[in-house]
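Inside the fold
These are the residues of each chain, in order.
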Amino acid sequence: MLIVNFLLTWLVAALSLLLTAYIVPGFAFDSFGTAAIAALILGLVNAFVRPVLFILTLPLTLVTLGLFLFVVNALMLWLVGFLVPGFIVAGFVPALLASVVLTFVSTFLGFFARNTI
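Below: a short report on this structure.

Conventions adopted
- Residues numbered from 1 in each chain as written.
- Predicted model: local features only at pLDDT ≥ 70, side-chain atom pairs only at ≥ 80, totals over all residues.
- Heavy atoms only, no water.
- Axes fitted to C-alpha atoms, helices over the stretch in contact; angles between N-to-C directions.
- Helix = DSSP H or I, 4+ residues; strand = E, 2+ residues; numbered from the N terminus.
- Parallel < 35°, antiparallel > 145°, perpendicular 65-115°, else oblique.
- Left-handed = near helix turned anticlockwise from the far one by under 90°.
- Contact = heavy atoms within 4.5 Å.
- Nonpolar A, V, L, I, M, F, W, Y, C, P; charged D, E, K, R; others polar.

**Observations concerning the packing of helix H2 (residues 32-48) against helix H5 (residues 68-83)**
Working note: a packed helix pair is described by the angle between its axes plus the distance between those axes. Two numbers describe how H2 lies on H5: the axes approach to 10 Å, and their chain directions differ by 130 degrees. Judged by the inter-axis angle, H2 sits oblique to H5. Two packed elements cross with a definite hand, and for H2 against H5 that hand is right-handed. Side by side, H2 and H5 meet where Ala 38, Ile 41, Leu 42, Val 45 and Asn 46 of the first sit next to Met 76, Leu 77, Leu 79, Val 80 and Leu 83 of the second. Class assignment of the residues belonging to the contact of H2 with H5 gives a composition of nine nonpolar, one polar and no charged.

**Brief notes about the environment of Leu 83**
Looking at the element boundaries, Leu 83 is found in helix H5. A sequence separation of 42 residues divides Leu 83 from Ile 41, and the C-alpha atoms of the two residues are 8.3 Å apart. Ignoring sequence-local partners within four residues, the contact set of Leu 83 consists of Ile 41 and Val 45.

Structure below.
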């Protein structure tokens, strides 16, 4: 069951990235395979890099009542854009818009996926 949950989470992340790319200009993928690889790399970056960046920016996050986390998420997307060939993030503004859209899209798809299984 653990493998099924992992695969479902990975699929939802890849689909969320693709839908976000459809909505946000300057944020694109060459193929679904690229989105799947980007979802995997994004998960690893969020597991290892994001906590360090979160701790370093905690005062600013508290002052902005958590809104600075969108900037942290945008930096993570931008980093993955540099690491994954075929994943295009045209700049910081598309990454920031994508981080906001991705939050809503992945929440919706994740809720839908959890309720169907």
